Amino acid sequence: MFYKTYCKSIKILLSLLILIRYLYIYKYNMTVMNIADRFLKYVSFHTTSDSETNLTPSTPGQMVFAQFLAEELKSIGLSDVSLDSNGYLMATLPANTDKKVPTIGFISHVDTSPDMSGKNIKPKIIYNYDGNDILLNEEKLIVLETSTYPEILQYKGQDVIVTDGTTLLGADDKAGIAAIVTAMEYLIANPDIKHGKIRVGFTPDEEIGRGAHLFDVEKFGAEWAYTIDGGEIGELEYENFNAAGAKVTFHGINVHPGYAKCKMKNSIRIANQFISMLPRHETPEHTEGYEGFYHLMSLEGTVETTTLNYIIRDHDRDRFERRKKEMTHLVNKINTEFGENTAEIEINDQYYNMREKVEPLMHIVDLAAEAMREADVEPNIKPIRGGTDGSQLSFKGLPCPNIFAGGHNFHGRFEYVPIQSMEKSSQVIINIIKNLAKK
């Protein structure tokens, strides 16, 4: 009798353990599918920004997406949802504790890069990725090769969202938006997690350097914030490039080529000489880490007029200033050789290294690092070889480190994002909020 009772108890216990296991798996998969479905919905919006329109937002699709997000934020229970005429969206998760907790924020951008088409994105999920090359497009034979992109091998066994090879994916930064919205939804559904007032902000036109230009820091009302706009899992950044754009114009004289000796001045050839005068190894394809560069973005020219558009980048402010002076010096050399006013240069600063503003407040970086470790993510603290809204916002009075959203190979056809990385990003946001209230 005892033996039968014992066996029955063991069977009941095993059944309960199996039930708990399946409930856990069900909950985990639902959470993952929720963030994946949310992301897939977001990338269906065409939100490519355009630096030539001089509008804010620069393209109408960004406002359409922002309006959709505003309704979604209301539907999940956020308050004070506001969308202004320039496409800046803000909302509040009200505090649910009487403790005095600093108001903090989380920010992402709605636009995607104009470097490649973001229209009619056709994403697909590679479930349980097996570690092999991924055929993105059978018709066009576009393959994401592990030999070229070995970083993807670390996601073997995970679920990876890729493109069909004809567009970018938009994980920069719709993965960040998905992580933030999912975290807010989770906190609203779990009011036992105590937290202070949380602000959410989504900006337009980050990819063309204007995301923070009209951001109302005072209205946002946070002591500090985090942009969820980083790359692979674990990235935590509080340093970025100092950045400027340079437009160099060369003026020539066109004469019939049969009679051009000592008369023609070919602006294309002069522009080519200028290009060769810059250090050949100080370009993006030859630099990494803290190394700066000059990057020729475009060349358009005729014999009469040629225009070069550059971006100048360096983490060190002094070296950054020297790079700008060097380009001006080379323009002067061209004018000395080919005549006054042959070349002219226009340089405009775009943003600065936020380290200057964040370093005195390192506890906000430490808080994020702690939240990552709690989510079983090892923080990878390194400089951004680029910029985020956070760099400009830091200089506007809102210190703003950058946290991973999970994507890889941004701005191109081989962009991808593991679903589990987005889920971890969302968990880090929750942990930051929870741990801040505990402190």
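Look up: the structure comes first, before these words.
Here the structure is a predicted model, which means the values were calculated and not measured. (Residues numbered from 1 in each chain as written. Predicted model: local features only at pLDDT ≥ 70, side-chain atom pairs only at ≥ 80, totals over all residues. Heavy atoms only, no water.)

Visitor: Give me the overall build of the protein: which residues, what numbers.
Guide: Assigned secondary structure in the protein consists of 10 helices and 17 strands. Based on the C-alpha atoms only, the size of the protein along its principal axes is roughly 115 × 55 × 35 Å. Sequence separation of at least 24 residues holds for 79% of the intrachain contacts in the protein that already meet a minimum separation of 6. Working note: accessible area of the protein is about 21200 Å², and carbon and sulfur atoms make up 52% of it. (Helix = DSSP H or I, 4+ residues; strand = E, 2+ residues; numbered from the N terminus. Contact = heavy atoms within 4.5 Å. Areas by Shrake-Rupley, 256 points an atom, 1.4 Å probe, with all protein chains shown as cover.)

Visitor: So, the packing of helix H8 (residues 363-374) against helix H10 (residues 419-438): which residues are in play, and what are the values?
Guide: The geometry of H8 relative to H10 is characterised by a closest axis approach of 8 Å and an angle of 120 degrees between their N-to-C directions. With respect to H10, the axis of H8 lies oblique. Crossing handedness for the pair H8 and H10: right-handed. Residues Leu367, Ala368, Glu370, Ala371, Met372 and Glu374 of H8 lie in contact with H10, whose contacting residues are Val428, Asn431, Ile432, Lys434, Asn435 and Leu436. (Axes fitted to C-alpha atoms, helices over the stretch in contact; angles between N-to-C directions. Parallel < 35°, antiparallel > 145°, perpendicular 65-115°, else oblique. Left-handed = near helix turned anticlockwise from the far one by under 90°.)

Visitor: Give a detailed account of the sheet that holds strand S14 (residues 343-351), specifying residues and quantitative values.
Guide: Taken together, the four strands give an open sheet; going across it, the order is S12-S13-S11-S14, and neighbouring strands pair in antiparallel fashion. The open sheet terminates on both sides in strands that have one partner only, identified here as strand S12 (293-301) and S14. Taken over all neighbouring pairs, the strand axes of this sheet differ in orientation by 15 degrees on average, direction set aside. Strand contacts of helix H6 (residues 317-338): strand S11 (242-251), S12, strand S13 (305-314) and S14, with the helix running at about 165 degrees to S14, the strand carrying the most contacts. (Pairing = 2+ DSSP bridges.)

Visitor: Break down the packing of aromatic side chains for me, with residues and values.
Guide: Scanning the model with the defined rule gives 13 aromatic pairs in all. The interplanar angle of 70 degrees and the centroid separation of 6.3 Å between the aromatic rings of Tyr88 and Phe215 together place this pair among those described as edge-to-face. One end of the pair, Tyr88, is in the loop between strand S1 (79-83) and strand S2 (89-93); the other, Phe215, is in the loop between strand S8 (198-203) and helix H4 (217-220), with 127 residues separating them in the sequence. A residue is classified by how much of its surface remains accessible, and Tyr88, at 3% relative accessible area, is buried. For Phe215, a relative accessible area of 3% gives the class buried. Clustering of aromatic rings is evident, with ring pairs tying together Tyr42, Phe45, Phe65 and Phe68. Over the face of the ring belonging to Tyr352 we find Arg317, whose NZ or CZ atom lies 3.9 Å from the ring centre. (Phe/Tyr/Trp six-rings, centres within 6.5 Å; stacked < 30°, edge-to-face > 60°. Buried < 20%, exposed > 50% of the residue type's maximum accessible area, 1.4 Å probe, protein only. Lys NZ or Arg CZ within 6 Å of the ring centre and 35° of its normal.)

Visitor: Outline the sheet that holds strand S17 (residues 416-418), listing residues and values.
Guide: Whenever strands of a sheet pair, they do so through backbone hydrogen bonds, lying parallel or antiparallel. Pairing in this open sheet of three strands is antiparallel, and the strands run S4-S7-S17 from one edge to the other. Each having just a single partner strand, strand S4 (124-126) and S17 make up the two edges of the open sheet. Taken over all neighbouring pairs, the strand axes of this sheet differ in orientation by 25 degrees on average, direction set aside. Here S4 pairs with strand S7 (residues 160-162) via three bridges, running antiparallel.

Visitor: Go over unusual backbone geometry with me, naming the residues and quoting the values.
Guide: Of the consecutive residues Thr56 and Pro57, the connecting peptide bond is found in the cis state with omega at -5 degrees. Among the secondary structure elements, Pro57 is positioned in the loop between helix H1 (2-42) and helix H2 (60-76). Positive phi values are uncommon outside glycine, yet Asn120 reaches one of about 55 degrees. For Asn120, the location among the structural elements is in the loop between strand S3 (104-109) and S4. Positive phi values are uncommon outside glycine, yet Asn409 reaches one of about 55 degrees. Its place among the elements puts Asn409 in the loop between strand S16 (402-404) and S17.

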